[in-house]
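The chain contents come next:
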Amino acid sequence: MLKMDIQKVDLFYGEFQALKGVSMPIQANKITALIGPSGCGKSTLLRCLNRMNDLIPNVRIQGTILLDNFNIYEPGARVEDIRKRVGMVFQRPNPFPMSVFDNVVYGLRVAGNFNKSFLAEKAEKSLKAAWLWDNVKDRLRDSALDLPLDQQQRLCIARLIAVEPEVILMDEPCSALDPIATAKIEELMNELRASYTIVIVTHNMHQAARVSDFTGYMLLGEMVEFGVTSEVFITPKDKRTQDYISGKYG
């Protein structure tokens, strides 16, 4: 079942065209990976999915992106509602300079939820979902900035889960982590796909092969090839995909 559908999206930074007629389905409760060399448009496309590019001056977007058949770019669409449904985890962990607990419930408080028992219940549930509860249950009032990097990243995921998104976008979520921490985040992604639709940008082709159900290969702003991950990696249809996967390009 489709959760999102990207249809012929063009994006311009001023006069520069960064995305060129990109189309791609995003299946519900699956992990979709975007791969390709630096500067090919992966992160730009990812930011289109929750309208983060709206924050960049001189950006112009054409095309359609559907979220449950609703065009998120239609006039009058409420960006705050879209970003609640489609949340993002960034390349480097970005916990706020406050306690672990206050980080997790930050979005809930912004939404006007201040009931202590409700916040405590949501914090525990979200931290457990992010596989972090056992690490921090006795440190909830400690600064989030004192956590190891992989725990900071899982905290950011817990903070996102707390506001109950439907889609989780991950922009190189493991690039700042060591192999052991990366493995933990990948295990977490596999667990989360049962409840969330996940789209991940990664430079690590092995990671895409390990965790994703579908993969899109991008080059120079175009979607060169999209399909089931095993097919893209084992029997790619486009020679440019084969060259990238084999290390001949990129």
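Located above this text is the structure these notes cover.
In every chain, residue numbers begin from 1 and rise along the written sequence. It should be noted that, the model being predicted, local features are given only for residues of pLDDT at least 70 and side-chain atom pairs only at 80 or more, the latter also being counted only at that level, while totals for whole chains, interfaces and linings use all residues. Only hydrogens and water are set aside when side-chain values are computed; all heavy atoms of the structure are taken into account.

## A short note on the overall build of the chain
For step 1, the next point in the chain: Helix and strand assignments come from DSSP, with helices taken as H or I runs of at least 4 residues and strands as E runs of at least 2, each series counted from the N terminus. Helices and strands together make up the secondary structure of the chain, namely eleven helices and ten strands.
For step 2, the next point in the chain: For the chain, the C-alpha atoms occupy an extent of roughly 55 × 45 × 35 Å along the three principal directions.
For step 3, the next point in the chain: Only protein chains enter the accessibility calculation, which uses a 1.4 Å probe; a residue whose area is less than 20% of its type maximum is buried, one above 50% is exposed, and one in between is partly exposed. Within the span of the chain, comprising 250 residues, buried residues form 51% of the whole.
For step 4, the next point in the chain: The accessible surface values rely on the Shrake-Rupley method and a 1.4 Å probe; as for residues, cover is taken only from the protein chains in view. Total accessible area computed for the chain in this model is approximately 11800 Å², and 51% of it derives from carbon and sulfur atoms.
For step 5, the next point in the chain: One way to put it: in the chain the 30 positive side-chain charges average out to a point 1 Å from where the 30 negative ones average out. Two residue types count as positive, namely Lys and Arg, and two as negative, namely Asp and Glu; His and chain ends fall outside the count. By convention, the point assigned to a charge is CZ for Arg, NZ for Lys, CD for Glu and CG for Asp.

## Here we look at the sheet that holds strand 9 (residues 214-219)
For step 1, the next point in the chain: Here a strand pair is declared whenever DSSP counts at least two bridges between the two strands. Pairing in this open sheet of six strands is mixed, and the strands run 6-7-8-3-9-10 from one edge to the other. Of all the strands in the sheet, just strand 6 (86-89) and strand 10 (222-228) have a single pairing partner and so form its edges. The average angle at which neighbouring strand axes cross in this sheet is 20°, direction not considered.
For step 2, the next point in the chain: Of the strand pairs in this sheet, strand 3 (residues 31-35) and strand 9 are connected by four bridges, and their pairing is parallel. If you follow Leu34 over to strand 9, its bridge partner there is Gly216.
For step 3, the next point in the chain: Note on definitions: a residue-residue contact is assigned when non-hydrogen atoms from the two residues lie within 4.5 Å. Note on method: axes are straight lines fitted to C-alpha atoms, helices fitted across the in-contact stretch only, with angles between N-to-C directions ranging 0 to 180 degrees. In the packing of helix 7 (residues 149-162) onto the sheet, the strands contacted are strand 6 and strand 7 (167-171), and the crossing angle to strand 6 comes to about 170°.

## A word on the pairing of strand 10
For step 1, the next point in the chain: Looking at chain direction, strand 9 and strand 10 are connected through six bridges and run antiparallel. Each residue of the ladder has a partner; that of Leu219, found in strand 10, is Glu222.

## Structural notes on the packing of aromatic side chains
For step 1, the next point in the chain: Centre distance within 6.5 Å is the pairing criterion for rings of Phe, Tyr and Trp, where only the six-membered ring of Trp is used; planes under 30 degrees apart are then read as stacked, over 60 as edge-to-face, and the remainder as tilted. All chains considered together, the criterion is met by three aromatic pairs.
For step 2, the next point in the chain: Seen in terms of ring centroids, Phe214 and Phe226 are 6.1 Å apart; in terms of plane orientation they differ by 10°. Their pairing is stacked. Taken together, the positions of Phe214 in strand 9 and Phe226 in strand 10 put the pair twelve residues apart, joining distant regions of the chain.
For step 3, the next point in the chain: Classification of Phe226 by relative accessible area gives partly exposed; the value is 26%.
For step 4, the next point in the chain: We count a charge as sitting over a ring when the NZ of a lysine or the CZ of an arginine lies within 6 Å of the ring centre and within 35 degrees of the ring normal. Here the guanidinium or amino end of Arg141 rests over the ring plane of Phe101, the centre of that ring lying 4.5 Å away.

## Comments concerning the sheet that holds strand 2 (residues 16-27)
For step 1, the next point in the chain: Spatial strand order, 2-1-4-5: four strands in an open sheet with antiparallel pairing. The sheet is open, and its two borders are formed by strand 2 and strand 5 (70-71), each paired with just one other strand.

## Let's talk about the pairing of strand 2
The two faces of a sheet get side chains in turn, since along a regular strand they alternate between them.
For step 1, the next point in the chain: Pairing of strand 1 (residues 2-13) with strand 2 involves eight bridges; the strand directions are antiparallel. Pairing of Tyr13 across the sheet is with Phe16, part of strand 2.
For step 2, the next point in the chain: Here strand 1 hands over to strand 2 after two residues, with Gly14 in that stretch at a positive phi of 65°.

## Things to note about the side chain of Asp150
For step 1, the next point in the chain: By the secondary structure assignment, Asp150 is in helix 7.
For step 2, the next point in the chain: For this analysis, a polar contact is any N or O atom pair within 3.5 Å, provided that within protein one partner can donate a hydrogen and the other can accept it, and provided that sequence-adjacent residues contribute only side-chain to side-chain pairs. Engagement of the side chain of Asp150 in a polar contact is seen with the side chain of Arg154, the distance being 2.9 Å.
For step 3, the next point in the chain: Setting aside anything within four residues of it in sequence, one finds Asp150 in contact with Leu177, Ala181, Lys184 and Ile185.

## Observations regarding the environment of Ser143
For step 1, the next point in the chain: By the element assignment, Ser143 lies in the loop between helix 6 (133-136) and helix 7.
For step 2, the next point in the chain: Ser143 sits in the partly exposed class, given a relative accessible area of 26%.
For step 3, the next point in the chain: A C-alpha to C-alpha distance of 20 Å links Ser143 and Val110, two positions 33 residues apart in sequence.
For step 4, the next point in the chain: Apart from the residues within four sequence positions on either side, Ser143 is in contact with Met98 and Ser99.
For step 5, the next point in the chain: At a separation of 3.2 Å, a polar atom in the side chain of Ser143 contacts the main-chain amide nitrogen of Leu145.

## Focus: the side chain of Asn103
For step 1, the next point in the chain: For Asn103, the location among the structural elements is in helix 3 (residues 100-104).
For step 2, the next point in the chain: Judged by relative accessible area, which is 0%, Asn103 ranks as buried.
For step 3, the next point in the chain: Looking at Asn103, its side chain comes within polar contact range of the main-chain nitrogen of Phe96, at 2.7 Å.
For step 4, the next point in the chain: Among all residues touching Asn103, those that are not within four sequence positions of it are Pro95, Phe96, Met98, Ala144, Leu155 and Arg159.

No statement about biological role is implied by the geometric values presented.
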